[in-house]
Amino acid sequence: MGKLVEYVFEVIDVNKNFINQEMQQDKINQPDHIKTRNIIFGMVLMFIIVHIGFHATYIKEFPTFGKYNWLHHIHGALMGSWVLLLLVQPILIHKKKFAAHRFLGKLSYAIAPCMIVSMVFIARYNYQTGILKKSVADVMATQSITWMQIVMFILFYSLAIYFRKNTYKHMRFMIGTAIVMLGPPMNRIIVSYFHEVPTASILIMVLYIKTVVAAAIFLSDLMKKKNLMPGLIVLSVFLFSDVVFHARYTTAWQAIGKFIVNTFY
């Protein structure tokens, strides 16, 4: 775990150098014309879903937060900052506040690595507490969702930064990170407000909902004859995540899970 933290700080240092180089540019590259109203609507909907989901299990515990510790608070703050970033950024583009959009984008170079570290720490915490109640195989199976979320976030964010000069591709991959963010709050909404739904069905429902969202975006791009590459990548990764979930009790995944535990936990 110490090596992971050292790696993240190295990434942040590299990002600082990159930011300094970017700041030296005299002209701010303005995004190409792109319709942002639907994106803003989607991000507002995501913000509402996240708020409802975490109000049921976390926010309502204020101010005592009895069953939560400092790790949950840091993780929650980082995730909350990302959700706000996803909400504000398309609004700034819509309002043609390109300088502000660019500035907040640079903040993500520090927020994203910290988020990844917090996700790993939360995954470790869930594993350590989970094996006290369930079998190792069951906990490894559940961790398949957690680790696929981490991998998807890293992939989509990395691609969004790589294509930062291409507004359309950049926004599509950032939307991919938003879809990833939908998983935890939707789980909490179903658990908290739809008690009749079997626990075993909740995880599958949420996985499929995220995949359907990714598929809807891809089909929209197909019908509008837009560049299909980013949407296809996002959809393919979510489909792969579904396959991993259904393979969570296989020897292959259990071996991967053990490797993750031995390496990062």
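If you're wondering where the values come from, they're calculated on a predicted model, not measured in any experiment.

A. The arrangement of the overall build of the chain in detail. Looking only at helices and strands, one finds 10 helices and zero strands in the chain. Listing each helix as α and each strand as β along the chain from the N terminus yields α-α-α-α-α-α-α-α-α-α. Going through the 265 residues of the chain one by one, you find that 45% of them count as buried. A separation of at least 24 residues holds for 76% of the contacts in the chain among residues at least 6 apart in sequence. Here the chain has roughly 14900 Å² of accessible surface; of this, 67% comes from carbon and sulfur atoms.

B. Region of interest: the environment of histidine 101. Note on placement: histidine 101 falls in helix 4 (residues 98-130). With 12 residues separating them in the primary sequence, histidine 101 and glutamine 89 have C-alpha atoms 5.8 Å apart. Contacts of histidine 101, omitting those with residues within four sequence positions, involve Gln89, Leu92 and Ile93.

C. A look at unusual backbone geometry. With an omega dihedral of 5°, the bond running from phenylalanine 62 to proline 63 counts as a cis peptide bond. By the secondary structure assignment, proline 63 is in the loop between helix 2 (37-57) and helix 3 (70-94). The phi dihedral of lysine 96 falls on the positive side, at around 60°, and the residue is not glycine. The exposure class of lysine 96 is exposed, given its relative accessible area of 60%. A positive phi is found at lysine 225, a non-glycine position, where the angle reads about 55°. Structurally, lysine 225 can be placed in the loop between helix 8 (199-223) and helix 9 (229-246).

D. Focus on the side chain of glutamine 149. Within the secondary structure, glutamine 149 sits in helix 5 (residues 136-162). With relative accessibility at 15%, the residue glutamine 149 sits in the buried group. If we ignore the near neighbours within four places in the chain, the residues touching glutamine 149 are Val180, Gly183, Pro184 and Lys210.

E. The arrangement of the nonpolar core in detail. Counting residues in hydrophobic clusters, the biggest one holds 62 residues, and the most contacted among them are Met46, Trp82 and Met181. Sorting elements by how many residues they give to this core places helix 5 first, with 12 residues. In contact with methionine 181, other than residues within four places in its own chain, are Met46, Val50, Met79, Trp82, Leu86, Met115 and Phe153.

F. How the structure looks around helix 4. Across its 33 residues, helix 4 extends 45 Å between first and last C-alpha, which sits within 8% of the 48 Å expected from 1.5 Å per residue. Helix geometry: helix 4 is bent most strongly at tyrosine 109, by close to 30°, with proline proline 113 lying one to four residues after it.

G. Spatial organisation of a nonpolar patch on the surface. Where nonpolar side chains cluster on the molecular surface, the patch consists of Val44, Phe47, Ile48, Ile52, Leu84, Tyr193 and Phe194 and spans about 590 Å² of accessible area. In this structure, leucine 84 sits in helix 3.

H. Highlighting the confidence of the model for the chain. Confidence along the chain averages 87 in pLDDT terms, with 87% of residues attaining 70 or more. Scored below 50 in pLDDT, residues 21-32 shows 16 contacts in the model against residues more than four places distant or in partner chains.

What counts, and where the lines are drawn
Once a new chain begins, its residue numbering starts again from 1 and follows that chain's sequence as written. Owing to the predicted nature of the model, reporting of local features is limited to residues with pLDDT of at least 70; listing and counting of side-chain atom pairs is limited to 80 or more, with chain, interface and lining totals taken over all residues. Processing note: side-chain calculations cover all non-hydrogen atoms of the structure and skip hydrogens and water entirely. Strands are runs of DSSP state E lasting at least 2 residues, helices are runs of H or I lasting at least 4, and numbering of each runs from the N terminus. Each residue gets one of three labels from its accessible area relative to the maximum for its type: buried under 20%, exposed over 50%, partly exposed in between, using a 1.4 Å probe on protein chains only. Here, residues are in contact when the closest pair of their heavy atoms is within 4.5 Å. All accessible-area figures derive from a Shrake-Rupley calculation using a 1.4 Å probe, and residue coverage is judged against the displayed protein chains alone. Buried residues of nine kinds, namely Ala, Val, Leu, Ile, Met, Phe, Trp, Tyr and Cys, make up a nonpolar core once their side-chain atoms join them within 4.5 Å. Working rule for helices: expected span equals 1.5 Å times residues minus one. We define the bend at each residue as the angle formed by axes fitted to the 7 residues ending at it and the 7 residues starting at it. Residues form patches when they are more than 30% accessible in relative terms and have no salt bridge. Like charges link within 9 Å. Nonpolar side chains (Val, Leu, Ile, Met, Phe, Trp, Tyr) link within 5 Å. Any carboxyl oxygen of Asp or Glu that lies within 4 Å of a side-chain nitrogen of Lys or Arg is treated as forming a salt bridge with it. Every residue carries a pLDDT, the predictor's confidence in it, which falls somewhere between 0 and 100.

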